[in-house]
Amino acid sequence: QGQLKDASRRGPGGTRRAAGGRRHPAMSPGVPAIWVLGATTALGMAVGTLLNFWSGEPSPSKVLASLHARTRTHAVTIIIVSAVFFVWAAWLCLYRHFDLGVVTFPIACLVAILSLGSLAMWSKMLTGACWLVAANYGLGILVVGTNAGLMLLVYFGIGVLWWLIAGALAWYFAAELDRQDR
C-alpha cells in the first residue's frame, strides 16, 4: 500500500509531488554545493582554531595572531573542505557521471595533512595542490558550459575563486614562515 501511495505522488518523469499535487521545489544544481562549501569552510576554520587553542597557545588572541596558528587553521580548512567534496565527487562517480574531483580533492587533502608538519610541503606543494583543484573547477566551467544552468556555473566560479585564494594564502604563509625561520 505504501508503494501505491508513493507512486500516486509522482508526476510525469517521476517528479515527486506533495500532498494536493504540488511539486516539491528543487534547488538548482550548484546551490547545495555553494551551501556546503560555505559550511565546510566555517567548520574548517572553527576546528582549526579550536585545535590551535588546545595545542597550548596561551590565549585566544595569541592563537589568532600566531603565524603558525593561521597556517594550521588554513590546512585544517583545506582538509575538511577537500574531504567532504571528495565524498561528493565519489558519489557522483558511482551514481551519475565521472567527476575529476575524485582525483584532485584527495591530492589537496593529502598535501594539507602533510603540510601540518612540514614547511617544505607549504612552500613546494600546497599552493600547487590548491591551484590544481581550481583548475578542475575551471575545466568544469568549460565542459559544462551554459547547459547545466546558471547556478552550477556560479558554483564553479566560486570554487575557482575559493581554491585560487586558498593557494595564494598557502603561498603567502610559506613565504612568511620562511622569512620567520631565517
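Rules and cut-offs
Residues numbered from 1 in each chain as written. Predicted model: local features only at pLDDT ≥ 70, side-chain atom pairs only at ≥ 80, totals over all residues. Heavy atoms only, no water. Helix = DSSP H or I, 4+ residues; strand = E, 2+ residues; numbered from the N terminus. Buried < 20%, exposed > 50% of the residue type's maximum accessible area, 1.4 Å probe, protein only. Contact = heavy atoms within 4.5 Å. Polar contact = N/O pair within 3.5 Å; in protein donor to acceptor, adjacent residues only side chain to side chain. Core = buried A, V, L, I, M, F, W, Y, C linked by side-chain atoms within 4.5 Å. Expected span 1.5 Å × (residues − 1). Arc of directions from axis to C-beta. pLDDT = per-residue confidence, 0-100. Patch = residues over 30% accessible without salt bridge, like charges linked within 9 Å, V, L, I, M, F, W, Y side chains within 5 Å. Areas by Shrake-Rupley, 256 points an atom, 1.4 Å probe, with all protein chains shown as cover. Salt bridge = Lys/Arg side-chain N within 4 Å of Asp/Glu carboxyl O.

Engineer: Help me understand the overall build of the chain in this model?
Structural biologist: Across its full length, the chain carries seven helices and zero strands. Taken from N to C terminus, the helices and strands of the chain fall in the order α-α-α-α-α-α-α. Each of the 182 residues in the chain was classed as buried or not, and the buried ones make up 34%. For the chain, restricting intrachain contacts to residue pairs at least 6 apart in sequence, the fraction spanning at least 24 positions comes to 64%.

Engineer: Just to check I follow, could you spell out the side chain of S115 for this structure?
Structural biologist: Along the chain, S115 falls in helix α5 (residues 101-115). Judged by its relative accessible area of 2%, S115 falls in the buried class. Engagement of the side chain of S115 in a polar contact is seen with the backbone oxygen of A112, the distance being 2.7 Å.

Engineer: What is the right way to read the nonpolar core from this model?
Structural biologist: Within soluble globular proteins, side chains that are nonpolar tend to cluster in buried spots. The biggest cluster of nonpolar side chains holds 26 residues, and the ones touching the most others in it are I78, F85, Y137 and W163. Broken down by secondary-structure element, the contributors of at least two residues to this core are α2 (31-54), α4 (67-95), α5, α6 (119-144) and α7 (150-181). For W163, the contacting residues outside a window of four places in its chain are I78, V81, S82, F105, A108, C130, W131, V133, A134 and Y137.

Engineer: I tried to follow α5 on my own but got confused; where do I start?
Structural biologist: For an α-helix, 3.6 residues make a turn, and residues three or four places apart therefore share a direction. Here α5 contains 15 residues, and its C-alpha end-to-end distance of 20 Å stays within 8% of the 21 Å for a straight helix at 1.5 Å per residue. Those residues of α5 not exposed but buried are G101, T104, F105, A108, C109, V111, A112 and S115. Looking down the long axis of α5, one finds its buried residues gathered within 170 degrees of arc, a one-sided arrangement.

Engineer: Looking at this structure, how should I read the confidence of the model for the chain?
Structural biologist: In regions of low pLDDT, the predicted coordinates are not meant to be interpreted in detail. In the predicted model, the chain carries a mean pLDDT of 83, and 77% of its residues have values of at least 70. Averaged pLDDT values for the elements of the chain fall to 44 in helix α1 (residues 2-8) and rise to 96 in α5. Long-range and interchain partners of residues 1-17, a stretch whose pLDDT sits below 50, account for 18 contacts in this model, where long-range means more than four residues apart.

Engineer: Explanation requested: a nonpolar patch on the surface in the structure shown.
Structural biologist: Taken together, the side chains of F98, L100, V103, I107, L132, L139, L142 and V143 present a nonpolar region at the surface, about 740 Å² in accessible area. Contributing elements (two or more residues each) for the nonpolar patch: α5 and α6. Of note, L132 is situated in helix α6. L132 sits in the partly exposed class, given a relative accessible area of 36%.

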